[in-house]
Amino acid sequence: MPWRLETWSPEYVLPERVGEEEESRLEVKTGIEGAWEAQSPKLVSPEQWPKLYLVDGRQRIEAQLIDAEGRRAVLATVVAGAVLRDEGGIRPAGDPIKKHLLLHAGELQESLPDGLRHYQTYQVRRADPTSIRSSLTEAMRRLETELVNQLEEGYVIVDGQLYPGGLTYRRPGRVLGYTKTQAATYLAPGERGLLYRLEPYQRTPIFFLPGRGLGRAVDVYSWYLRLPLQPSTPFHGASALLRVESPTLEPAEAKELADLSVSLFCAMASSPTKDPRAPQNLVPVGGLEQWLGQHMGSLEVVRRRIVEALFA
């Protein structure tokens, strides 16, 4: 077989994740929709879409601090925002919510100076860089969940897997999360082959994925769908796959969401000529990411203020 490319630019090939996402088929339940075969749901035109929110978060480490005894702490900012898509178009759904965090393990021996008091203390399990990064991502996911629960009406699409961070979704039957890269496989080899046979606008049957298989406290129904991709020739067969999930506990509701998701995600897929993470990085989410970045401000300016506060 000739070589084929991944669609994503190499600089995005190793995305950040919460914890380890290892290959696991433990207690994954298939057969919910009968035979394991491609599903081709009737497409819903954009004019008939329900009110839709797209939610994403960003995180940024702004400084590492070391106290007099050599213990590490980190200053960081997390932000979560949403855009609304309805008959009026796509626009921001209110202001983003933002938190400034001082991540540390153990007891703090020194408080922050006045100019840094807006950083809230956030206890982490260990102070090594991997644990701090994981805790920061957890804080961002929790902030995203807080925002999801503030949104009224409509459906909510969250960029990334659903990690509610100790919270629960107020309307689980209206929440969808999606994974842009397929670092883990949850299906048996015989079922996995269907992923490579899916055509654009098709999905797999839904399957049940227990939360403990991913080290999280939420069970989901999940499915894969294939996005349209043009040009498609340079890329391998699974490069336009997306795994979608919902925390609903009702299989009939999950099936309805799976059918609807094919229309939503395929219509919002990005193009390799415009986005290095196409087609999985949805067009509205790409705009949302830029908006959140602007809301966080210049890292250079923030770091200058941190230095001024520490040595004032």
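As the structure is a computational prediction, the values presented were derived from the model and not from experiment.

A. Examining a nonpolar patch on the surface more closely. On the surface, Val307, Leu310 and Phe311 cluster together to form a nonpolar patch covering roughly 310 Å² of accessible area. Since its relative accessible area comes to 36%, leucine 310 is described here as partly exposed.

B. Fine view of the side chain of glutamate 62. Relative to the elements of secondary structure, glutamate 62 occurs in strand β1 (residues 52-66). Taking relative accessible area as the criterion, glutamate 62 reaches 2% and is therefore assigned buried. Polar side-chain contacts of glutamate 62 include one of 2.8 Å to the side chain of threonine 77. If we ignore the near neighbours within four places in the chain, the residues touching glutamate 62 are Leu75, Ala76, Thr77, Tyr119, Leu299, Val302, Arg303 and Ile306.

C. Broad picture of the packing of aromatic side chains. This model, assessed by the stated rule, comprises 4 aromatic pairs. For the pair phenylalanine 207 and tyrosine 224, a centre-to-centre distance of 5.9 Å together with 25° between the ring planes defines the contact as stacked. One end of the pair, phenylalanine 207, is in strand β8 (residues 207-209); the other, tyrosine 224, is in strand β9 (residues 220-226), with 17 residues separating them in the sequence. Classification of phenylalanine 207 by relative accessible area gives buried; the value is 0%. Considering the side-chain rings of phenylalanine 208 and tyrosine 221, the 5.4 Å spacing of their centres and the 65° angle between planes classify their relative orientation as edge-to-face. Of the two residues, phenylalanine 208 sits in strand β8 while tyrosine 221 sits in strand β9, which places them 13 residues apart along the sequence. Tyrosine 221 sits in the buried class, given a relative accessible area of 9%. In this arrangement the basic side chain of arginine 216 is found over the ring face of tyrosine 163, its NZ or CZ atom lying 5.4 Å from the centre.

D. View of the pairing of strand β7 (residues 175-179). Most of β7 sits inside the fold, with 5 of its 5 residues counted as buried. Burial along β7 is two-sided: the residues Val175, Gly177 and Thr179 and Leu176 and Tyr178 are all buried. Two elements, β7 and strand β10 (residues 241-246), share 3 bridges in a ladder whose sense is antiparallel. In the sheet register, threonine 179 faces β10, and the bridge partner there is arginine 243.

E. The nonpolar core, seen in detail. By size, the foremost hydrophobic cluster in this structure holds 34 residues, and its most contacted members are Ile157, Leu225 and Phe265. At the level of secondary structure, the elements contributing two or more residues to this core comprise β1, β2 (72-86), β6 (155-159), β7, β9, β10, α3 (251-268) and α4 (283-296). At 9 residues, α3 tops the list of elements feeding residues into this core. Grouped together as the second largest cluster of nonpolar side chains are 25 residues, Val74, Ala76, Val148 and Leu162 included.

F. Spotlight on the pairing of β10. Where burial is concerned, most of β10 is hidden: 6 out of the 6 residues are buried. The two faces of β10 match: Leu241, Arg243 and Glu245 on one face and Leu242, Val244 and Ser246 on the other face are all buried. As defined by bridge partners, β9 adjoins β10 across 6 bridges and the pair is classed as antiparallel. What sits directly across from tryptophan 223, in β10, is valine 244.

G. How the structure looks around the pattern of salt bridges. Under the criterion given, the structure shown has 21 salt bridges. Between arginine 174 and glutamate 253 there is a salt bridge, with the nearest N and O atoms lying 3.6 Å from each other. Remark: glutamate 253 occurs in helix α3 and arginine 174 occurs in the loop between β6 and β7; sequence separation between them is 79 residues. For the salt bridge of glutamate 245 with arginine 243, the shortest nitrogen-to-oxygen distance reads 2.9 Å. Both residues of the pair, glutamate 245 and arginine 243, belong to the buried class. Ionic contacts of the salt-bridge type, sharing partners, join the residues Glu33, Arg203, Lys255 and Asp259 into one network.

Calculation rules
- Residues numbered from 1 in each chain as written.
- Predicted model: local features only at pLDDT ≥ 70, side-chain atom pairs only at ≥ 80, totals over all residues.
- Heavy atoms only, no water.
- Patch = residues over 30% accessible without salt bridge, like charges linked within 9 Å, V, L, I, M, F, W, Y side chains within 5 Å.
- Areas by Shrake-Rupley, 256 points an atom, 1.4 Å probe, with all protein chains shown as cover.
- Salt bridge = Lys/Arg side-chain N within 4 Å of Asp/Glu carboxyl O.
- Buried < 20%, exposed > 50% of the residue type's maximum accessible area, 1.4 Å probe, protein only.
- Helix = DSSP H or I, 4+ residues; strand = E, 2+ residues; numbered from the N terminus.
- Polar contact = N/O pair within 3.5 Å; in protein donor to acceptor, adjacent residues only side chain to side chain.
- Contact = heavy atoms within 4.5 Å.
- Phe/Tyr/Trp six-rings, centres within 6.5 Å; stacked < 30°, edge-to-face > 60°.
- Lys NZ or Arg CZ within 6 Å of the ring centre and 35° of its normal.
- Pairing = 2+ DSSP bridges.
- Core = buried A, V, L, I, M, F, W, Y, C linked by side-chain atoms within 4.5 Å.

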